[in-house]
Amino acid sequence: MTAVSAVEAALAQRRRRWRPVLLLLLAAVLVVVFIALGLIIRVSQSGTPYYSDDDQHFRYGSIGAEVASGIPYKVWQALPVLLPDEFPAGDYSSFGFLYDGTGDLPIGISKRRVSGVDLVWFNCAVCHAGTYRESEEDAPRIVTGMPAHQLDLHGFTTVVLGAASDPRMAPDSLRIAMTEAGVGLGPIERILWNVAVFPRLREGMIARASRLQPLLDRQPDWAHGRVDTFNPYKVLEFDLPTDTLSEQEVVGASDFPSIFLQGPRADMQLHWDGNNPSLAERNLSAALGAGVTPETVDHGSIERVAEWLLDLEPPTSPHQPDADAVARGFDIYLRDCASCHGWQSPDGYVFEGDLLGEITPLDEVGTDPNRLHSYTQAFRDQQVSELFKDTPHAFRQFQKTDGYANAPLDGLWLRGPYLHNGSVPTLADLLTPPPERPKTFVRGGDVIDPLGGFISPPCTTEASCFDTAKRGNSNMGHVWGTDLDAPDKSDLIAYLLTF
């Protein structure tokens, strides 16, 4: 047996004494490395779900709005828990968002992972998916492509902007709400959120509120199924202070349009005021309105939606008017209406008419001028000179017009209330002289009215009450057909109900 010196014995004892410390240090290093690798892997993850079905892609596919405009998915899920007074239904159906049972997000809300964080925001379907019922007892049927007439986008926007300064949005409260909503943070996520997400979330929300809230303060409530298309675009995309917007342009709310059968609309004057004949430019402009930017836009996704919409037909009208009345109404329509709007044949919609897709001057159509005035020459010039500059996607065909476009009427039964600003509840009301049309009514219902459109009862409270006396809501104009006698009006309505 080899003798051990006193020095060697002391060194061995020292090694035994430090071994636990070294093991702990090694374990700590491994934990740090593990966390660092987890963060690197997490932060390096980016992408968005793919949907093989075109309708599902339309409903949930990303167009790129999440990157610049979105909020974290887990915050989205937590908000109804965090702000229960603002979400009486317990989810986003409180504002008319639709759920089809295929996931936990409403139609029109897409998800994209950016630097390891799942963000959500709008896509095309948020404004172009709605419901109808044939009676109060029926379950709602969802139709993609029809106007989102049930959506209270103004109310939703007001709540989200208000949340920016709400004390409940503090990180500790949010963590609790996320856990209660079933989307709590994992160990690696906690670090990422504490370092990067929580600080930027509050700053971003406050910055957006500071730019957009002053605009909303100058406007009436948009109302269900309507949006101000271009004014938010001005203050968010071009960073124009609200106080620089003229009094004439600052109100511009109008209805969400239907987007069926886009193919036959190629080269027509598009948007309510007919300010562009290009489907591609109109689609890209609408995507900007939904929150994409020239840097974040997903052109491939938008083009896929655009291709699908070329041939998307509206569902067949469930109305069953008297056949003889329909035949008489057809003759009246061909005489008085078809040149501007095309017509419905037994085989489908006929996109023909000398004035179809053209612009009727404001002084002739006589409808509310505010949407027209909100699109200014100065704004048009900025669009053309600045957006997508030096790319194949640069805007070239926008123009300032002097009226509203004569639109095709395919899927007319799903497009009430009527006129560009949705100020007339039914087709029968549209054929009534303007002073006799309903002055107030409730928007947002989905039970179809036998006189065209949706049942829109008189207002009993301020909630959801649409007042045509408010700026942007005038129900004047479009007097064609109002001088027909009662039998002819009845026959014309019978024919219109077949669209």
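Right above here is the structure, for reference.
Description of the structure in this document. (Residues numbered from 1 in each chain as written. Predicted model: local features only at pLDDT ≥ 70, side-chain atom pairs only at ≥ 80, totals over all residues. Heavy atoms only, no water.)

**Examining the overall build of the protein**
Okay, step 1: Along the backbone of the protein there are 17 helices and 13 strands.
Okay, step 2: Taking the principal axes of the C-alpha coordinates as reference, the protein spans close to 125 × 50 × 40 Å.
Okay, step 3: Of the contacts formed within the protein by residues at least 6 apart in sequence, a portion of 73% connects residues at least 24 apart.
Okay, step 4: As presented, the protein carries roughly 22700 Å² of accessible surface, and 57% of it is formed by carbon and sulfur atoms.
Okay, step 5: Of the side-chain charges in the protein, 40 are positive and 65 negative, and the distance between the mean point of each set is 15 Å. (Helix = DSSP H or I, 4+ residues; strand = E, 2+ residues; numbered from the N terminus. Contact = heavy atoms within 4.5 Å. Areas by Shrake-Rupley, 256 points an atom, 1.4 Å probe, with all protein chains shown as cover. Lys, Arg positive; Asp, Glu negative; His and termini not counted. Charge placed at Lys NZ, Arg CZ, Asp CG, Glu CD.)

**Describing the state of the cysteines**
Okay, step 1: Counted under the stated rule, the structure contains 1 disulfide.
Okay, step 2: The disulfide that involves cysteine 459 links it to cysteine 465, with 2.0 Å between the sulfurs. Residues cysteine 459 and cysteine 465 share a disulfide whose torsion about the S-S bond is about 95°; that sign makes it right-handed.
Okay, step 3: Residue class for cysteine 459 comes out partly exposed when judged on its relative accessible area of 21%.
Okay, step 4: By relative accessible area, which is 21% here, cysteine 465 ends up partly exposed.
Okay, step 5: Not part of a disulfide, cysteine 337 finds its nearest cysteine sulfur in cysteine 340, a span of 8.4 Å. (Disulfide = S-S within 2.5 Å. Buried < 20%, exposed > 50% of the residue type's maximum accessible area, 1.4 Å probe, protein only.)

**Considering the packing of helix α9 (residues 279–290) against helix α10 (residues 299–309)**
Okay, step 1: Relative to each other, α9 and α10 sit at 120°, their axes nearing to 11 Å. Here α9 lies oblique to α10, going by the angle between them. Two packed elements cross with a definite hand, and for α9 against α10 that hand is right-handed. Packed against α9, whose contacting residues are Asn283, Leu284 and Ala287, the element α10 presents His299, Ile302 and Ala306 at the interface.
Okay, step 2: Split into classes, the residues belonging to the contact of α9 with α10 amount to 4 nonpolar, 2 polar and no charged. (Axes fitted to C-alpha atoms, helices over the stretch in contact; angles between N-to-C directions. Parallel < 35°, antiparallel > 145°, perpendicular 65-115°, else oblique. Left-handed = near helix turned anticlockwise from the far one by under 90°. Nonpolar A, V, L, I, M, F, W, Y, C, P; charged D, E, K, R; others polar.)

**Remarks on the sheet that holds strand β3 (residues 117–122)**
Okay, step 1: The 3 strands lie next to each other as β1-β3-β2, forming an open sheet whose pairing is antiparallel. A single partner strand is all that each edge strand has here, and the edge strands are β1 (71–72) and β2 (109–114).
Okay, step 2: In terms of strand pairing, β1 meets β3 through 2 bridges, oriented antiparallel. Paired with isoleucine 71 across the strands is valine 120, a residue of β3. (Pairing = 2+ DSSP bridges.)

**Describing the environment of proline 167**
Okay, step 1: Inspection of the secondary structure assignment puts proline 167 in the loop between α5 (153–163) and α6 (171–180).
Okay, step 2: Sequence separation of proline 167 and leucine 185 is 18 residues, and the distance between their C-alpha atoms is 20 Å.
Okay, step 3: Leaving out residues up to four positions away in the same chain, proline 167 has contacts with Ser173 and Arg202.

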